[in-house]
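Fold and contact review
So you can see what is in the structure, the chains are spelled out below.
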Amino acid sequence: MSQPSKFMVIENGFVTIRVKPGYNYEIDLQSIQTHDDLLRWKHHLSEKRWMNPKTLNDFYSLVLAEKPLK
């Protein structure tokens, strides 16, 4: 399990972003197979009100460290 921050982990094939107590946002790693998929997710997450630049970069780095992309 990789963990660049206490707010985000990879567990059981999902990136879990701990947005606030009682609310986690999960992303299935199977939905990220290519660099384009990762960029689509990064764009999608950037539109969330709770997202910030550091967490967004942590997401990007965590996924790249966890799995090879096509």
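Just above, that's the structure.
In this report, the structure presented in the accompanying data block is examined. (Residues numbered from 1 in each chain as written. Predicted model: local features only at pLDDT ≥ 70, side-chain atom pairs only at ≥ 80, totals over all residues. Heavy atoms only, no water.)

Details of the sheet that holds strand β1 (residues 8–11)
To be explicit about the condition: By definition, two strands form a pair when at least two bridges between them are found by DSSP. Each helix corresponds to a stretch of at least 4 residues labelled H or I by DSSP, and each strand to a stretch of at least 2 residues labelled E; elements are numbered beginning at the N terminus. Each axis is a line fitted through C-alpha atoms, and for a helix only the stretch in contact is used; angles between axes span 0 to 180 degrees, taken between their N-to-C directions. Two residues form a contact once any of their heavy atoms are found within 4.5 Å.
Strand order in the open sheet formed by three strands is β1-β2-β3, with antiparallel pairing between adjacent strands. Each edge of the open sheet is held by one strand with a lone partner, namely β1 and β3 (23–28). Averaged over neighbouring strand pairs, the angle between their axes works out to 25° when direction is ignored. Of the strand pairs in this sheet, β1 and strand β2 (residues 14–20) are connected by four bridges, and their pairing is antiparallel. Pairing of Val9 across the sheet is with Thr16, part of β2. In this fold helix α1 (residues 35–46) packs onto β2 and β3, with an angle of close to 160° to the strand it touches most, β3.

Observations concerning unusual backbone geometry
The line we're drawing: The rule is simple: take the accessible area with a 1.4 Å probe, protein chains only, and divide by the maximum for that residue type; under 20% is buried, over 50% is exposed, in between is partly exposed.
Positioned with a positive phi, Asn12 is a non-glycine residue whose angle comes to about 55°. Summarising the element assignment, Asn12 is placed in the loop between β1 and β2. Residue classification places Asn12 among the exposed residues on the basis of a relative accessible area of 78%.

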